[in-house]
Amino acid sequence: MIGSAFWRTARRVFAIAFACFMLMPLTVILVVSFTNEGYVRFPPASFGLRWYKAALENSYFTGGFVFSLEVATFVAIVSGVLGIAAALVLARYRFRGREAIVSLLMMPIALPHIVLAIALLQVVATISVPSSPYGLVAGHLLITLPYVLRLTMASLAGIDRQIETASASLGASPWQTLRLVILPMIAPGAVAGILFAFLISFDEVTISLFTALPDRTTLPAEIFGFASHGSDPIVTAVSGVMILFAAILVIVVERFFGVLRLIANEDRPIE
Amino acid sequence: MNAYLELDRVEVSYGAVQALHPLTLSMQAGEFFCLLGPSGCGKTTTLGIVAGFTRAGGGRVLLGGQDVTMMPPQQRQMGVVFQNYALFPHMTAAQNVGYGLKLRKREAADIERRVNELLALVRLEGKGDRYPRQMSGGEQQRVAIARALAIEPRLLLLDEPLSNLDARLREEMRNELKRIQRTTGVTTIFVTHDQEEAFGAADRIAILNHGRLEQVGTPTEIYQSPRSMFVANFIGRSNALNGTLSAPGVFEVQGQRFACSRPAAGSSRSWVLFLRPEELKITRNPASTNSVRGTVVEVIYIGAIVNMRVKTDIGELLAYRLGTGGEPVAAGDAVQVGWEPGAGSLLPADAHG
Ligand SMILES: Nc1ncnc2c1ncn2[C@@H]1O[C@H](COP(=O)(O)OP(=O)(O)OP(=O)(O)O)[C@@H](O)[C@H]1O
Ligand SMILES: [Mg+2]
């Protein structure tokens, strides 16, 4: 057909244009972050690692980075455990109110973060615990749990119940079936969910700003604070670090689990 | 000889649906046993009872004399092959086959040796490191059989294992299954709704209908002496003649009288004589005895067999014969359709089915 070559080219052009659109802001920030000047301008007049050095020596940023890392790790683990457990129950058992529970657990995705943040502040004030890290972590869990839950449930839905029956007939206890069959089969989905949870928590600003205490705030909240006072190139260097960090994380996880292919819904070739 | 597997008045109901009416069935060790019946008749349910997937609402299951009615499936040691194979997609063929052995904590070398043996048995040597999705339907099916056999099952249970294969592969796999069953001697229950499959493989066949057992017997018994209207209609093709036994040894259909030496079990006012198409003889000789006059409607050659439809005074009859035998007939010919007094099966017309 004459049309097919045309459409193939059109698809490719569209893909490239779309990728450029998505990557443009990141590229600009990365380029600008290597400026040697004292102001933000694209393209920079001269290049150097000046602002990276400054960022590494800035205790607000290093402290914020470590705190963000701690929070995101904790949030990823907890939402992973809770999300997988909830998905196993919700996907496997039919009971009254099941749909309602799923909707309720998914709701925080739809709620504006600012609403969640205000509500959380009320709660932590009422039970008088420090808003950071408790309110902060609780807020992050609310918005990350739905991702783990949804992705794990999607993986579980793809498992034929007869596979579990087969496992039982071969002598496996329910626990062995879970460990040897179900968990490995849902691993890509669950890991994708946990990766999302980590990145969402690591990038989250609104809840972090609202729950921040002077010495306990996250890197994005620090960046926000700096950026709202003026355009210091140090902010671009910190952003550069965050971008690199996220990219490395995604690549490493992808190498081990092929989660991006799962999200893109492509068949995973087996070597 | 004592039965190896016994179902003793086993009942199953799903809510208001009685999937299995009290069912009693027994099997000998080493038998290749087929459960045959139309869709929804309770075949999978029966298999589920034996494997322990389905909870019996009543009755007992005895295996080798031991009551296993309440035993969970993981303790029953039964190899099950599912219709869609249910292979573990994240394991290679070899890992699938070795799964049951790994659960039994066998040594790695031991497992490997046994897995290779089984892969050879199902003719998949050298394909052990393939994943299920890299295998054809027939190959996946053989992995499923090897996996079920690996645990040295007390019974091999197969639920319509061939229904996803094309006609040619299905026949090949059926023969393969027979061979594997003979080699291993494992007692096998094979579920199918395809009579050709059942007749081609089974030592004995049980015919189920609406959750009830209609008949158990060898393929020959079932074909030659169906014991219910349902079986007579369900198995093969038949000409059903409705009539009465007007005198001893005389079967009367619409005023025409035929000699009939078939035993009539029980008492009934009206009877049905089931005649297989190959039991009917077609001649042009008007003097032939025990026959009815008719006109050939259609002659169709199907391979070696000739199908003939003949319009007669007692209804349209279907007859088969080998293409080479008898006088040639063509549509429109006036013929006599006859049969031996001992032919067919006589069943009471008011029986269920
Ligand atoms: N889980 C269930 N809940 C309700 N009814 C069921 C269930 N499983 C089976 N049934 C019913 O029980 C009857 C027997 O079902 P079964 O699966 O044993 O049939 P089958 O002979 O295996 O049919 P097929 O050839 O279609 O597989 C059917 O009427 C079916 O609708
Ligand atoms: Mg079935």
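What chain B contains, in helices and strands, is nine helices and 20 strands. Projected onto its principal axes, the C-alpha positions of chain B cover 80 × 45 × 40 Å. When the 353 residues of chain B are sorted by exposure, 50% land in the buried category. Of all intrachain contacts in chain B linking residues separated by at least 6 positions in sequence, the fraction that spans at least 24 positions is 68%. Summed over all atoms, the accessible surface of chain B reaches about 16200 Å², with 49% contributed by carbon and sulfur.

Looking now at the interface of chain B and chain A. Each partner contributes to the interface: chain B provides 24 residues, whereas chain A provides 22 residues. Counting each side, the surface lost to burial between chain B and chain A is near 1900 Å², with a carbon and sulfur contribution of 65%. It is Gln74, Tyr99 and Leu103 of chain B that lose the most area in chain B upon contact with chain A, and together they represent 27% of the buried surface on that side. At the junction of chain B and chain A, the tally comes to zero salt bridges. At the junction of chain B and chain A, the tally comes to four residue pairs in polar contact (both at pLDDT 80 or more). Elements represented by at least two residues in the side of chain B that touches chain A include exactly helix H2 (73–76), strand S6 (78–81) and helix H3 (93–103) of chain B. Among the elements that take part in the side of chain B that touches chain A, H3 of chain B stands out by supplying four residues, more than any other.

Let us look at the pairing of strand S10 (residues 212–217) of chain B. All names here are of chain B. Bridge analysis of strand S9 (residues 204–209) against S10 gives five bridges, and the strand direction is antiparallel. Pairing of Leu208 across the sheet is with Leu213, part of S10. Connecting S9 to the antiparallel partner S10 that follows it, the hairpin turn spans two residues, and His210 within it adopts a positive phi of roughly 50°.

Let us look at the sheet that holds strand S11 (residues 239–247) of chain B. Residues and elements named next belong to chain B. Here five strands make up an open sheet; going across it, the order is S13-S12-S11-S14-S20 and the pairing antiparallel. Both edges of this open sheet fall to strand S13 (256–259) and strand S20 (345–348), since each of them pairs with a single strand only. Adjacent strand axes in the sheet meet at a mean angle of 40°, parallel and antiparallel pairs treated alike.

Residues and elements named next belong to chain B. Looking at the assigned domains, one finds that chain B contains domain 1 (5–230) and domain 2 (237–348). With eight residues of domain 1 at the contact, the number on the domain 2 side is eight residues. When the two sides are added together, the surface that domain 1 and domain 2 hide from each other amounts to roughly 600 Å², 53% of it contributed by carbon and sulfur. It is Tyr223, Pro226 and Met229 that lose the most area in domain 1 upon contact with domain 2, and together they represent 79% of the buried surface on that side. Taken together, the connections running from domain 1 to domain 2 amount to zero salt bridges.

What follows is about the pattern of salt bridges. Residue and element names in this part refer to chain B. Using the criterion set out here, one finds 21 salt bridges over all chains in the structure. Here Arg204 and Glu31 are joined by a salt bridge, their closest N and O atoms 2.4 Å apart. One end of the pair, Arg204, is in strand S9; the other, Glu31, is in the loop between strand S2 (17–27) and strand S3 (32–36), and 173 residues separate them in sequence. Between Asp333 and Arg284 there is a salt bridge, with its nearest N and O atoms 3.3 Å apart.

The final tally for this structure, using the stated rule, is 15 aromatic pairs over all chains. With a centroid separation of 5.9 Å and 10° between ring planes, the pair formed by Phe198 of chain A and Phe202 of chain A is classed as stacked. A residue pair is termed a helical-turn pair when its members lie 3 or 4 positions apart in one helix, as Phe198 of chain A and Phe202 of chain A do in helix H8 (residues 174–203) at four residues. Judged by its relative accessible area of 1%, Phe202 of chain A falls in the buried class. Linked through ring pairs, Phe65, Phe198, Phe202 and Phe245 of chain A together constitute an aromatic cluster. When the ring centre of Phe88 of chain B is taken as origin, the NZ or CZ atom of Arg147 of chain B, which lies over that ring, is 4.7 Å away. A cation over an aromatic ring shows up here: Arg276 of chain B above the ring of Tyr223 of chain B, its NZ or CZ 4.0 Å from the ring centre.

The subject of this paragraph is the sheet that holds S6 of chain B. Residues and elements named next belong to chain B. Taken in spatial order, the six strands of this open sheet run S6-S7-S8-S3-S9-S10, and their pairing is mixed. One side of each edge strand has no neighbouring strand; the edge strands of this open sheet are S6 and S10. Averaged over all pairs of adjacent strands, the angle between strand axes in this sheet comes to 15°, irrespective of strand direction. Where S3 lies against strand S8 (residues 188–192), five bridges are found, and the strand directions are parallel. Bridge pairing in S8 links Phe33 to Ile189.

What follows concerns the nonpolar core. The biggest cluster of nonpolar side chains holds 59 residues, and the ones touching the most others in it are Tyr99 and Leu157 of chain B. Sorting elements by how many residues they give to this core places H8 of chain A first, with seven residues. Leaving out residues up to four positions away in the same chain, Tyr99 of chain B has contacts with Ser167, Leu170, Ala172, Gln176, Thr177, Leu180 and Val181 of chain A together with Phe88 and Met91 of chain B. Formed by 43 residues, the second largest nonpolar core is a distinct cluster that contains Ala93, Met135, Ile145 and Val186 of chain B.

Residue and element names in this part refer to chain B. Along its 14 residues, helix H5 (residues 137–150) runs 20 Å from first to last C-alpha, staying within 8% of the 20 Å computed at 1.5 Å per residue. Within H5, 13 of the 14 residues are buried, which leaves the element mostly enclosed by the surrounding structure. Immediately downstream of H5, the backbone of Glu152 shows phi near 45°, a positive value.

Residue and element names in this part refer to chain A. Among the surface-exposed residues, Leu104, Met107, Leu111, Ile114, Val115, Ile118, Leu209, Phe210 and Phe224 lie close enough to one another that they form a single nonpolar patch of about 770 Å² accessible area. Contributions of two or more residues to the nonpolar patch are made by helix H5 (113–126) and helix H9 (206–211). Per-element tally for the nonpolar patch: the top contributor is H5, with three residues. Relative to the helices and strands, Ile118 is located in helix H5. Look at Ile118 and you get partly exposed, because its relative accessible area is 42%.

Procedures and definitions
- Residues numbered from 1 in each chain as written.
- Chains lettered and ligands numbered in written order.
- Predicted model: local features only at pLDDT ≥ 70, side-chain atom pairs only at ≥ 80, totals over all residues.
- Heavy atoms only, no water.
- Helix = DSSP H or I, 4+ residues; strand = E, 2+ residues; numbered from the N terminus.
- Buried < 20%, exposed > 50% of the residue type's maximum accessible area, 1.4 Å probe, protein only.
- Contact = heavy atoms within 4.5 Å.
- Areas by Shrake-Rupley, 256 points an atom, 1.4 Å probe, with all protein chains shown as cover.
- Buried area = accessible area lost by both parts, 1.4 Å probe.
- Salt bridge = Lys/Arg side-chain N within 4 Å of Asp/Glu carboxyl O.
- Polar contact = N/O pair within 3.5 Å; in protein donor to acceptor, adjacent residues only side chain to side chain.
- Pairing = 2+ DSSP bridges.
- Axes fitted to C-alpha atoms, helices over the stretch in contact; angles between N-to-C directions.
- Domains from an automatic or database assignment.
- Phe/Tyr/Trp six-rings, centres within 6.5 Å; stacked < 30°, edge-to-face > 60°.
- Lys NZ or Arg CZ within 6 Å of the ring centre and 35° of its normal.
- Core = buried A, V, L, I, M, F, W, Y, C linked by side-chain atoms within 4.5 Å.
- Expected span 1.5 Å × (residues − 1).
- Patch = residues over 30% accessible without salt bridge, like charges linked within 9 Å, V, L, I, M, F, W, Y side chains within 5 Å.

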